[in-house]
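Analysis of the macromolecular model
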Amino acid sequence: MGERQRAAQDYIVAGDGGWQLAGSRCGACQAVFLGARRVCAACGARGRMLPEVLRDRGRVHSFTTVHRSFPGVPVPFVMAVVDLDGGPALRGTLRDAAAAELRFDLPVRVVFGDSGQRDASGAAWIAFSFVPDREAMS
Ligand SMILES: [Zn+2]
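All of the points below concern the structure found in this document.

Rules behind the numbers
Residues numbered from 1 in each chain as written. Predicted model: local features only at pLDDT ≥ 70, side-chain atom pairs only at ≥ 80, totals over all residues. Helix = DSSP H or I, 4+ residues; strand = E, 2+ residues; numbered from the N terminus. Buried ≥ 20, exposed ≤ 12 C-beta atoms within 10 Å, placed from the backbone. Contact = placed C-beta atoms within 7 Å. Core = buried A, V, L, I, M, F, W, Y, C linked by C-beta atoms within 7 Å. Pairing = 2+ DSSP bridges.

**Some thoughts on the overall build of the protein chain**
Helix and strand counts for the protein chain stand at one helix and 10 strands. Order of helices (α) and strands (β) in the protein chain, N terminus to C terminus: β-β-β-β-β-β-β-β-β-β-α. Referenced to the eigenvectors of the C-alpha coordinate spread, the extents of the protein chain come out at roughly 40 × 40 × 30 Å. The 138 residues of the protein chain split such that 16% are buried. Residue pairs in contact within the protein chain that sit at least 24 positions apart in sequence constitute 48% of those at least 6 positions apart.

Laid out in structure tokens, this is it:
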């Protein structure tokens, strides 16, 4: 057994194939959201939200390069808003992308890894980020 790990967000959950993004879908209007919801923010329906595992593929909707951040956070890094396949849009760090390949509509994958932070017991916080989906670029 490796190092103990903890999800850094409650919508990061352990599934059969590893870490996943948990979402919910409205049974009334089919809108998809990140994490668990009781009320649909799109149509206002109550009690119609169903849990759904979000897809781990998407495309860059927008991005920006961050040059200044909190002390201890290495810069520069790229923050992106990604339209996940099937929804929703999600903000996160885009890693391993060369400046020349950064573009809108860039295919990306969701990956999970050690955030570098530890909780009080020493367990690693697991966070998600995006990486270019080079198989989908061709
Ligand atoms: Zn709805």
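**Structural notes on the nonpolar core**
Counting residues in each nonpolar core, the largest one holds 13 residues, and the members touching the most others are Val60, Ala80, Val82, Val108 and Phe130. Within the residue set of this core, elements represented by two or more residues are strand S7 (77-84), strand S8 (89-94), strand S9 (107-118) and strand S10 (124-132). The biggest single contributor to this core is S7, with three residues. Dropping the residues within four chain positions of it, valine 82 is found in contact with Gly58, Arg59, Val60, His61, Ala89, Leu90, Gly92, Val108 and Phe130.

**Considerations on the environment of tryptophan 19**
Inspection of the secondary structure assignment puts tryptophan 19 in strand S3 (residues 18-26). On a C-alpha basis, the gap between tryptophan 19 and alanine 7 in space is 8.6 Å, while along the polypeptide they are 12 residues apart. Setting aside residues no more than four positions away along its own chain, tryptophan 19 makes contact with Ile12, Ala14, Phe112 and Ile126.

**Comments concerning the environment of aspartate 105**
Tracing the chain through its elements places aspartate 105 in the loop between S8 and S9. Residues aspartate 105 and valine 82, 23 residues apart in the sequence, show an inter-C-alpha distance of 8.6 Å.

**Concerning unusual backbone geometry**
Both trends apply: most residues other than glycine have a negative phi, and most peptide bonds are in trans. For the bond running from valine 75 to proline 76, omega is -5°, close enough to zero to count as cis. Looking at the element boundaries, proline 76 is found in the loop between strand S6 (57-66) and S7. Proline 88 follows glycine 87 through a cis peptide bond whose omega is -5°. One non-glycine residue, glutamine 30, lies in the positive phi region at around 70°.

**Thoughts on the pairing of S6**
The pairing of S6 with S9 spans three bridges and is classified as antiparallel. Paired with arginine 57 across the strands is arginine 109, a residue of S9.

**Digging into the pairing of S8**
The pairing of S7 with S8 spans six bridges and is antiparallel. Paired with aspartate 83 across the bridge in S8 is alanine 89. Linking S7 to S8, which pair antiparallel, is a turn of four residues; within it glycine 86 sits at a positive phi near 85°.

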